[in-house]
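# Report on the structure
Take a look at the letters that make up each chain.
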Amino acid sequence: MKTSFWLAGAMALALASPAVAGDTIKIGFVSTFSGPTAVIGNDMRNSFELALDHLGRKMAGKPVEVIYEDDQQKPDIGKQKTEKLVQSDHVDFIAGYIWSNVLLASLKTAVDSQTFLISANAGPSQLAGELCSPYVFSTSWQNDQTPAAMGLYMNQKGVKSVFLIGPNYAAGKDMLAGVKSTFKGKVMGEEYTVWPSQLDFSAELSKAKASGAESIFVFYPGAAGVQFLNQYAQAGLKAQMPLYTAFTVDELSLPLQKDNAIGVPGAQEWVNDLPNEQNKAFVADYHKKYAGLRPTYYGAQAYDAAQLINSAVVAVKGDTSKKDAMKAEMQKADFKSLRGPFKYGNNHIPIQNFYLQDVVKGADGVLSLKTVATIVKDSQDTFHDKCPMK
Amino acid sequence: MNFSLNARNIVVALVAAFLLLLPLYSQLSGNVFALTLFTRIVIFALAAVSLNLIMGYGGMMSFGHAAYLGIGGYAVGILAFEGIGSGFIQWPVALLASALFALVIGALSLRTRGVYFIMITLAFAQMAYYVASGLARYGGDDGLTIYKRSDFAGLINLSSKVQFYYLCLACLFGGIYLVWRIVNSRFGLVVQGLRSNEARMQAIGFPATRYRLVCFVIAGTICGLAGALLATNTDFVSPAVMYWTRSGDLMVMVILGGMGSLFGPVIGAIVYLVLEEFLSQLTEYWAMIMGPLLLLVVLFGRGGIMGLLGRPRRG
Amino acid sequence: MLLVVEQFLNGLQFGLLLFLLAAGLTLVFGIMDLVNLAHGSLYMMGAYFAATFVAWTGSFVLGIVLALGATLLLGIVLEFVALRHLYGRDHLDHVLATFGLILFFNDAVRLIWGPAGLALPLPAWLTVPVQIIPGVFYPAYRLAIIVVALAVALGLYLVVMRTRLGMLIRAGASNREMIGALGINIKLLYTLVFGLGAALAGLAGMMQAPILTVQIGMGENILILAFVIIVIGGIGSIRGAFLAAIFVGMIDTLGRAFLPDLLRKVLSSAAASTAAPAISSMLIYLLMAIVLVVRPEGLFPASKR
């Protein structure tokens, strides 16, 4: 009998839902907080928190509550957490999503419940195309945009041939497709590695060398980027086959890649030395609040997500039931983005500049990323015609 | 079947009543999440009931039962992806595919015993997992989203949470009834006899493997149904549902509830999943409690929770 | 040419790592008849201990040695406190109990070391490429893994075949009741064997750490391969585990390296890359299934049961 009371008690507690409060703005944040890519999730969380600090932790006068959930880098877990946020916590907005496959798995839950989803990183091509939704906005990019910019840069440099390597999941496929869409030279080979478990790239590096290509392009976010770069350098390829990257070298991976990253260019829509006012304040305050850490584009995008949400909430004076008005406001992208002003395409993906970033060693021996040039201005993704929204 | 007012029956009746009335509670309190949670629990309970048939009654320790969750789920998912949205086609295909898979691997696996049986069922489930991961067209490891739930031509609307919940519950009660009938039939007695003394049964003249195989196929089919329900519930299916640790979860539910008891797997599923949900709200480190708890159940709580509630009427 | 040699060596290296893991598992299963799902957790603990001690002492070798000792100790404590109560019980009880241990260890690690995982950087002298045949370079560290694992395998062989302890182990694997009847201190033997198995698992974990990963749950994926290996090789047989492990390591590595190219003749690049690792994994399980159906005791059975 004791067992049944205990059972009943547990069930009752599990079913008890928190009182639905209309007087706070509830935001759910789905990202990765465990495993080797937790550093990315932490950067996003840090920046989101910083943005809320800058906003006085209020939007339109109402206090903001954020619920962070860990997707463990798995699509099925991310989907489960999204469901919980929408159905149990009744959040007004969901933000975050590092990984394209996690986002795609969670999309239906958010859209069906008409909950606004702000992707602060993932940008699968389907999202910009046939799966676009009035409720989904991006403060990052569409996956193909960044590597496409790198392809343009490679053309500018006169690169004749390339070997492509990337992880085998939604984003990896987008990235390699993106390079192919603009690069005018010859693609000597294309290899997809098992994601996220494969961290040994010796086979791919050997194949790249054997292909006779002049250069290598890679996309390896997080820990994989560290491993790849180090193995690339250890294989002695630095002198023979220059490396072009997207999302592989950032402030998080740089301390581990060390000198191997010098001279490896990347394309990005945000680099930490962009000269606008809000970015300078962001970077400076981030240093102050989180000693010893530097923000990355993941964080900058999360910061922008908070600002985007704020612009919508302020426009409806805190009445989050006015979804159409919030949507209209967000479509204007009328907030001070850290990358400078940008506009939204019909598919709610930013139309923005892409910059060339390079790794330089400062006088103090510290490595950092520097904006070297603007590769392309006001670039729009190539999937927007597939999106039925106007 | 006479009902006496002992602890076991009271608990079973309470649980059944609770499950029946849950949607009412959910409507009244506005707690939609409870309904979603318990739909999932009911589906896993069905899977656990099917595993109990072969493990608890049949003595066949299958470590690959989660494969059927995936097969049923992918049958629905793949057909939906390819444009075949009718439930009248999808669900029979799910059941048929599960039955066929069970037939094939059962025929091969049942030639082995004990730990070897455990390992070979595990091997086949992992193979199913890898087949699903290898299908780029259906998402591979990224999984497959089901955009439209199965269409039953107006008979039932699967998009309604309440209707879907009652469908799952009906399947669960149906599954339990089916297991009850099997276990109490001549066929079921043979299978249980095989579990306790195979040599004797074979000496009497029963073809052991054939009986076990039929049992195995029935269990696989029921679990395939659970798989179709699960995929519908989450509008999503991915290879992860077939990974060996999920089979482990199912085994834990059966053992926790009490093997060889009709309602044991239901109790086991409820306790395991509610604890997981409840403990994870209390503390981030819920597995540190759950882990040793399982260890203690093994060491001291033979017969699982139902065993704790009192000895069953028949073994 | 470079690719083939390199992948062959990678396969050998992976196979040897798997052997270290499987050896402990097969000993424990063969002698104590204990199905230990938490063996993967010991593998994980070895990696975590190594990362911690190396960072703490600043020396790679010293850190590894300390971590080995720590894992051995952990194994002994685990056997003493929890696992010895499971001897003689149903295998299913083992499964449930050790499954619980997996959950416990994963969360304990998260509590102590945090959720992000650790890094174990290599000392400079191990990162240089070594020229093994003219024109073919192979990373020094991976060679070190091969050398160390072979040395351990040799050591294990000598212990099992040439020492009294080894004789007891072999006797225990083939007939458990008999050695008890002969008056050997069974409890001590079991504890030692378990400790040895734990140390081997921990060694595998710490050796792969610099090139692969140190994170929560890393044991689950590789544990299943270890079980496959001991089934193919024969439960209780170290020789069987060795051969099966090399075989499995080769299939996995060579499959991943060369299958995509083969498949690319019929499929698109992305589809080939998705299908290839799945097929090579499937081959391993298929092999196990065939062995189980045709020769269930394994290729080199330890006992005539």
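Residues numbered from 1 in each chain as written. Chains lettered and ligands numbered in written order. Predicted model: local features only at pLDDT ≥ 70, side-chain atom pairs only at ≥ 80, totals over all residues. Heavy atoms only, no water.

## Concerning the overall build of chain B
A tally of helices and strands in chain B yields 13 helices and two strands. Whereas a compact globule of 315 residues would reach a radius of gyration of roughly 20 Å, chain B reaches 19 Å, a difference of no more than 12%. With respect to the three principal axes, the spread of C-alpha positions in chain B is 55 × 40 × 40 Å. Across the 315 residues in chain B, those meeting the buried criterion constitute 61%. Long-range pairs, those at least 24 residues apart, make up 77% of the contacts in chain B between residues at least 6 apart in sequence. Carbon together with sulfur atoms contributes 65% to the accessible area of chain B, which is approximately 12000 Å² in total. (Helix = DSSP H or I, 4+ residues; strand = E, 2+ residues; numbered from the N terminus. Rg over C-alpha atoms; globule rule 2.2 N^0.38 Å. Buried < 20%, exposed > 50% of the residue type's maximum accessible area, 1.4 Å probe, protein only. Contact = heavy atoms within 4.5 Å. Areas by Shrake-Rupley, 256 points an atom, 1.4 Å probe, with all protein chains shown as cover.)

## Considerations on the interface of chain A and chain C
Taken together, the contact pairs 19 residues of chain A with 25 residues of chain C. Taken together, the two surfaces of chain A and chain C that pack against each other cover about 1800 Å², and 48% of this comes from carbon and sulfur. Linking chain A with chain C are three salt bridges, by the criterion used here. Residue Glu-191 of chain A pairs with Arg-264 of chain C through a salt bridge whose shortest N-O separation is 3.0 Å. For the interface between chain A and chain C, the tally reads nine residue pairs in polar contact (both at pLDDT 80 or more). Broken down by element, the residue count for the side of chain A that touches chain C peaks at four residues, all from helix 8 (residues 202-211) of chain A. Residues belonging to the side of chain A that touches chain C are distributed by class as follows: seven nonpolar, seven polar and five charged. (Buried area = accessible area lost by both parts, 1.4 Å probe. Salt bridge = Lys/Arg side-chain N within 4 Å of Asp/Glu carboxyl O. Polar contact = N/O pair within 3.5 Å; in protein donor to acceptor, adjacent residues only side chain to side chain. Nonpolar A, V, L, I, M, F, W, Y, C, P; charged D, E, K, R; others polar.)

## Describing the pairing of strand 2 (residues 136-139) of chain C
All names here are of chain C. Along strand 2, the buried face is formed by Val-136 and Tyr-138; none of Phe-137 and Pro-139, which line the opposite face, is buried. Summarising the sheet, strand 1 (residues 129-133) and strand 2 pair through four bridges and their orientation is antiparallel. Each residue of the ladder has a partner; that of Ile-133, found in strand 2, is Val-136. Connecting the antiparallel pair strand 1 and strand 2 is a turn made up of two residues, with Gly-135 showing a positive phi of about 90 degrees. (Pairing = 2+ DSSP bridges.)

## Some points on the packing of helix 8 of chain A against helix 1 (residues 2-32) of chain C
Relative orientation and spacing of two packed helices are given, respectively, by the angle between their axes and the distance between those axes. Running from N to C, helix 8 of chain A and helix 1 of chain C cross one another at 175 degrees; their axes reach a closest spacing of 10 Å. Put simply, helix 8 of chain A runs roughly antiparallel to helix 1 of chain C. Contacts from Ser-202, Ala-203, Ser-206 and Lys-207 of chain A of helix 8 of chain A reach helix 1 of chain C at Leu-2, Leu-3, Glu-6, Gln-7 and Asn-10 of chain C. For the contact of helix 8 of chain A with helix 1 of chain C, the per-class residue count stands at three nonpolar, four polar and two charged. (Axes fitted to C-alpha atoms, helices over the stretch in contact; angles between N-to-C directions. Parallel < 35°, antiparallel > 145°, perpendicular 65-115°, else oblique.)

## Regarding helix 9 (residues 218-233) of chain C
Residues separated by three or four positions in an α-helix point in the same direction, a consequence of the helix having 3.6 residues per turn. Spanning 16 residues, helix 9 of chain C covers 24 Å between terminal C-alpha atoms, matching the ideal 22 Å at 1.5 Å per step. Where helix 9 of chain C ends, the next residue or the one after it, Gly-234 of chain C, has phi of about 110 degrees, a positive value. (Expected span 1.5 Å × (residues − 1).)

## Here's the deal with the state of the cysteines
Disulfides are covalent bonds that connect the sulfur atoms of two cysteines. Residue and element names in this part refer to chain A. Counted by the stated rule, this structure contains one disulfide over all chains. Here Cys-132 is linked by a disulfide to Cys-387, with a sulfur-sulfur distance of 2.0 Å. Between Cys-132 and Cys-387 the disulfide shows an S-S torsion of about 85 degrees. By sign, it is right-handed. Placement of the pair is Cys-132 in the loop between helix 5 (125-128) and strand 6 (136-138) and Cys-387 in the segment after strand 14 (367-379), with a sequence separation of 255 residues. The residues Cys-132 and Cys-387 share a single accessibility class, namely buried. (Disulfide = S-S within 2.5 Å.)

## Let's talk about the sheet that holds strand 3 (residues 62-70) of chain A
All names here are of chain A. Read across the sheet, six strands follow the order 2-3-1-4-5-6 without closing on themselves; strand pairing throughout is mixed. Strand pairing shows two members of the sheet lacking a second neighbour, strand 2 (58-59) and strand 6, which therefore form its edges. Here strand 2 runs beside strand 3; their pairing, made up of two bridges, is antiparallel. Across the sheet, residue Lys-58 finds its bridge partner in strand 3, namely Pro-63. Sheet contacts for helix 3 (residues 75-87): strand 1 (25-31), strand 3 and strand 4 (93-96); angle to strand 3, the most-contacted strand, approximately 155 degrees.

## Side note on the confidence of the model for chain A
All names here are of chain A. Predicted confidence across chain A gives a mean pLDDT of 89, with 94% of residues reaching 70 or more. Low pLDDT, under 50, characterises residues 1-10; the stretch is placed with eight contacts to residues that sit more than four places away or in other chains. Segment residues 13-21: pLDDT under 50, and 13 contacts once partners within four positions in sequence are set aside and those in other chains are kept. (pLDDT = per-residue confidence, 0-100.)

## Here we look at helix 13 (residues 323-331) of chain A
Residues and elements named next belong to chain A. For helix 13, the complete set of buried residues consists of Met-326, Glu-329 and Met-330. Projected down its long axis, helix 13 carries its buried residues within an arc of 95 degrees, all on one side. Elements that come into contact with the buried residues of helix 13 comprise strand 4, strand 5 (116-119), strand 6, helix 12 (297-315) and strand 12 (343-344). Directly after helix 13, the chain includes Ala-333, whose backbone phi takes a positive value near 50 degrees. (Arc of directions from axis to C-beta.)

## Some thoughts on the interface of chain B and chain C
A common way to report how large an interface is uses the accessible area buried once the components associate. Chain B puts 44 residues into the contact, and the matching count from chain C is 45 residues. Of the roughly 4000 Å² buried where chain B meets chain C, counting both sides, 80% is carbon and sulfur surface. One can count three residue pairs in polar contact (both at pLDDT 80 or more) joining chain B with chain C. Broken down by secondary-structure element, the contributors of at least two residues to the side of chain B that touches chain C are helix 5 (114-133), helix 10 (244-257) and helix 12 (287-300) of chain B. The element best represented in the side of chain B that touches chain C is helix 5 of chain B, accounting for twelve residues. Residues that form the side of chain B that touches chain C fall into these classes: 33 nonpolar, seven polar and four charged.

## Description of a nonpolar patch on the surface
A cluster of nonpolar side chains, namely Leu-20, Leu-21, Leu-24, Leu-28 and Tyr-166 of chain B, defines an oily patch on the protein surface of about 530 Å² accessible area. With four residues, the top contributor of residues to the nonpolar patch is helix 1 (residues 7-29) of chain B. (Patch = residues over 30% accessible without salt bridge, like charges linked within 9 Å, V, L, I, M, F, W, Y side chains within 5 Å.)

## Side note on the pattern of salt bridges
Residues and elements named next belong to chain A. Going through the model one piece at a time under the given rule, you end up with 28 salt bridges over all chains. With a closest N to O distance of 2.8 Å, Lys-180 and Glu-190 form a salt bridge. Separated by ten residues along the polypeptide, Lys-180 in helix 7 (residues 170-182) and Glu-190 in strand 8 (residues 186-193) bring together distant segments of the chain. Across the salt bridge formed by Glu-329 and Lys-332, the nearest N and O atoms sit 3.1 Å from each other. For Lys-332, a relative accessible area of 54% corresponds to the exposed category. Salt bridges sharing partners connect three or more residues here, namely Glu-49, Asp-53, Arg-57 and Lys-289.

## Comments concerning the nonpolar core
Membership of the largest hydrophobic core comes to 230 residues, with the highest contact counts inside it found for Leu-172 and Val-266 of chain B. Leave out the neighbours within four places in its chain, and Val-266 of chain B touches Val-15, Leu-19, Ala-45, Val-49, Leu-172 and Ile-176 of chain B. In terms of nonpolar packing, the next biggest core, distinct from the first, is built from 116 residues, Ile-118, Leu-199, Phe-201 and Val-271 of chain A among them. (Core = buried A, V, L, I, M, F, W, Y, C linked by side-chain atoms within 4.5 Å.)

## Things to note about the packing of aromatic side chains
By the definition in use, this model includes 45 aromatic pairs over all chains. Consider the rings of Trp-99 of chain A and Trp-195 of chain A, whose centres lie 5.7 Å apart with planes at 55 degrees: the pair is tilted. With Trp-99 of chain A in the loop between strand 4 and helix 4 (100-112) and Trp-195 of chain A in the loop between strand 8 and helix 8, this pair connects stretches of sequence that are 96 residues apart. Comparing Trp-99 of chain A with Trp-195 of chain A, the two get one shared label, buried. Ring centres 4.9 Å apart and planes at 40 degrees place the aromatic pair Tyr-48 of chain C and Trp-113 of chain C in the tilted group. A residue pair is termed long-range when its members are at least 10 positions apart, and Tyr-48 of chain C in helix 2 (residues 39-57) and Trp-113 of chain C in helix 4 (residues 91-113) qualify at 65 residues. For Trp-113 of chain C, a relative accessible area of 22% corresponds to the partly exposed category. Ring-pair connections join several aromatic residues into one group, and the members of that group are Trp-141, Phe-219, Phe-247, Tyr-297 and Tyr-298 of chain A. Geometry around Tyr-68 of chain A places Arg-45 of chain A over its ring, the cationic atom sitting 5.4 Å from the centre. Above the plane of the ring of Phe-164 of chain B lies Arg-149 of chain B, whose end atom (NZ or CZ) is 5.2 Å from the centre. (Phe/Tyr/Trp six-rings, centres within 6.5 Å; stacked < 30°, edge-to-face > 60°. Lys NZ or Arg CZ within 6 Å of the ring centre and 35° of its normal.)

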